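In case you want the letters, here they are:
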Amino acid sequence: MSNYSEKLDSIHKNYGLVTEMSGEPGKDFLSLHVSALKDGVLSHKEKELMCLCVAISIRCEGCILDHLNNAIEAGATKEEITETVNTALVMSGGPAYVYGGTALEAMNELFDKKK
């Protein structure tokens with residue numbers, strides 16, 4: 001079993017490094033990220049679940065962990081996350097089956113950590 005909490009911590013450290021070293025492009029990306037994912041017609045939680053679906057579909061483990069964690073922090077339930085994985089399966093088939101499993105395993109770990 002992977003330690004997704006440690007991987008998530010490492011991803012967040014890398015974000016800081018990229019932001020620090022890339023200058024304006026990194027800061028601009030963060031600004032876009034914050035602006036695009038804040039509550040609007042769709043809630044922040046819904047947007048994070050959408051990002052999770054895309055992350056699974058493009059097979060980006062770091063993106064999966066980050067958006068999964070953000071969705072959980074925004075109040076997403078295990079059932080909502082599981083339906084998001086199911087949606088990724090529809091759109092991406094076999095690869096989403098593999099990376100959806102990663103998302104579900106990480107979800108269980110992150111929810112257990114919050115207990």
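Up top you'll find the structure we're talking about.
Residues numbered from 1 in each chain as written. Predicted model: local features only at pLDDT ≥ 70, side-chain atom pairs only at ≥ 80, totals over all residues. Heavy atoms only, no water.

Here we look at the overall build of the protein
- Scanning the protein from terminus to terminus reveals six helices and zero strands.
- The C-alpha atoms of the protein give 14 Å as radius of gyration, which agrees with the globular expectation for 115 residues (13 Å, within 12%).
- For the protein, the proportion of its 115 residues judged to be buried stands at 32%.
- Contacts spanning at least 24 positions in sequence make up 70% of the contacts within the protein whose residues lie at least 6 apart.
- Per element, the accessible surface of the protein, about 6900 Å² overall, is 60% carbon and sulfur.
- Here the protein carries 11 positive and 17 negative side-chain charges, and the mean point of each set is 1 Å from the other. (Helix = DSSP H or I, 4+ residues; strand = E, 2+ residues; numbered from the N terminus. Rg over C-alpha atoms; globule rule 2.2 N^0.38 Å. Buried < 20%, exposed > 50% of the residue type's maximum accessible area, 1.4 Å probe, protein only. Contact = heavy atoms within 4.5 Å. Areas by Shrake-Rupley, 256 points an atom, 1.4 Å probe, with all protein chains shown as cover. Lys, Arg positive; Asp, Glu negative; His and termini not counted. Charge placed at Lys NZ, Arg CZ, Asp CG, Glu CD.)

Considering the pattern of salt bridges
- All chains considered together, the criterion is met by two salt bridges.
- Lys45 is the salt-bridge partner of Glu80, the closest N and O atoms lying 2.8 Å from each other. Within this pair, whereas Glu80 is found in helix α5 (residues 78-92), its partner Lys45 is found in helix α3 (residues 44-58), the two being separated by 35 residues in sequence. (Salt bridge = Lys/Arg side-chain N within 4 Å of Asp/Glu carboxyl O.)

Taken by themselves, the reported measurements are silent on function.
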